[in-house]
Amino acid sequence: MKKIIIIAIFFLVLMLLYNYVGVVRNSIAKAFLSNSFNEYSFLSENKVDSEDYQIKKIIDGELDQKILFNTLTQEFIITIRDSDYDRNNQGWYALWKIDKKGQVIDSLSSKNGMSPIGIYFEEDHYVDWVESGSKAKKEYKQIINFDSIASADFNYFVEKAEIIEYDGDYENKKVNCYLKIEDSWIVFESKKGYEDYFSNPEKFYKHKTKTTSWLLVLEDKIKPFHKWKDINSYIYLQKFVGESREFKSFYDINNTSRSGWNGTGYFSLWHNSSLLHFKSYTFKSSFGFDPDISIYAPPNNYGDHTRKIDIAFISLSKRMKSNRDYKEVGVYVICNKDKINNNED
């Protein structure tokens, strides 16, 4: 009987150590880890590939907005928060242009908001870098005070406009209407309409927004409560190895706000019938797994609807309580080896 009690105590202690002591859990997990997982690399090492595809890091830093696809230029626009703490607090960010092969071709820094059609409208100029590739400050053809003209005169311009956009000038307390007519921009400014801007600028100017849909927003393929252990999913978690335990805060002691395990996840990802394997920081709680991974896949066809897009993007982020190494944080591209190496379209 005494021997049974000793054995029971031994297994109880071992179980407690496994559930609460990271070194013990990690050692046991690695002892039973298949040798095949030793070949998995972190994405930041730029070693992940298959016969046809490779995953390469193209931008450091946190993704700030959804990725955009420009159907006119066949380029992608990726917005990244400024890595400098002070500039980040001032609202600075960087826009990066990626071509259809997954190569970075240009960038632009700004702290102002971009319109839905990709134009930066400023008080006395505009920048259409997203569309034209030019970072030059371009002058408006005309700047007109809407509060001092007749409705018929304004309607005359509206009837000729290809695009109608609205934006607020918060510094000068104005609401502006931007009209694109024959490749030139005319801006109408109104102080009277400023107070109504947030409610309905279209109602104030008495015309609806008129635009084109040449900028597409790519949706994150990783939806909430993704089934990470589903082997039939395009990305699934094959193995998780816990490394350090985290507990919810007890008053102000050990304030981590979540309970679970920091560790390493071993993943399989399907891209155009090719299977890619990698490892990545992952958090496991009682609710499931959270690797802070986003995947943005372009539409299957674009432009003339006859040419297939062959790339996709992976974004790895780092939450406030995350133990992810900063080297992992960034945007990665899944691209075709032949097209990159042979400079093919």
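Small disclaimer: the values here were computed from a predicted structure and weren't measured.

Caption draft 1: Looking closely at the packing of aromatic side chains. Under the criterion given, the structure shown has 22 aromatic pairs. Relative to tyrosine 266, the ring of phenylalanine 37 lies with its centre 5.0 Å away and its plane at 55°, an arrangement referred to as tilted. You can see phenylalanine 37 sitting in the loop between helix H2 (22-31) and strand S1 (53-60) and its partner tyrosine 266 sitting in strand S14 (residues 260-271), a full 229 residues away along the chain. Taken individually, phenylalanine 37 and tyrosine 266 each receive the classification buried, so the pair is uniform in this respect. Among the aromatic residues, ring-to-ring pairing joins Phe146, Phe154, Tyr156, Phe157, Tyr166, Phe188, Phe204 and Tyr205 into one connected group. Over the aromatic face of tyrosine 234 sits the side chain of lysine 221, whose NZ or CZ is 4.2 Å from the ring centroid.

Caption draft 2: View of the nonpolar core. Ranked by size, the top nonpolar core spans 21 residues in total, and within it Ile55 and Ile314 carry the most contacts. Looking at this core, the elements with two or more residues in it are S1, strand S13 (235-246), S14, strand S15 (274-285), strand S17 (293-296), strand S20 (312-316) and strand S21 (330-336). Residues within four places of isoleucine 55 in sequence aside, it is in contact with Leu43, Asn46, Val48, Leu269, Leu276, Ile314, Tyr332, Val333 and Ile334. Tyr93, Ile117, Ile119 and Phe121 belong to the second largest nonpolar core, which has 20 residues in total.

What counts, and where the lines are drawn
Residues numbered from 1 in each chain as written. Predicted model: local features only at pLDDT ≥ 70, side-chain atom pairs only at ≥ 80, totals over all residues. Heavy atoms only, no water. Phe/Tyr/Trp six-rings, centres within 6.5 Å; stacked < 30°, edge-to-face > 60°. Helix = DSSP H or I, 4+ residues; strand = E, 2+ residues; numbered from the N terminus. Buried < 20%, exposed > 50% of the residue type's maximum accessible area, 1.4 Å probe, protein only. Lys NZ or Arg CZ within 6 Å of the ring centre and 35° of its normal. Core = buried A, V, L, I, M, F, W, Y, C linked by side-chain atoms within 4.5 Å. Contact = heavy atoms within 4.5 Å.

Remember, this is a structural readout, not a statement about activity or role.
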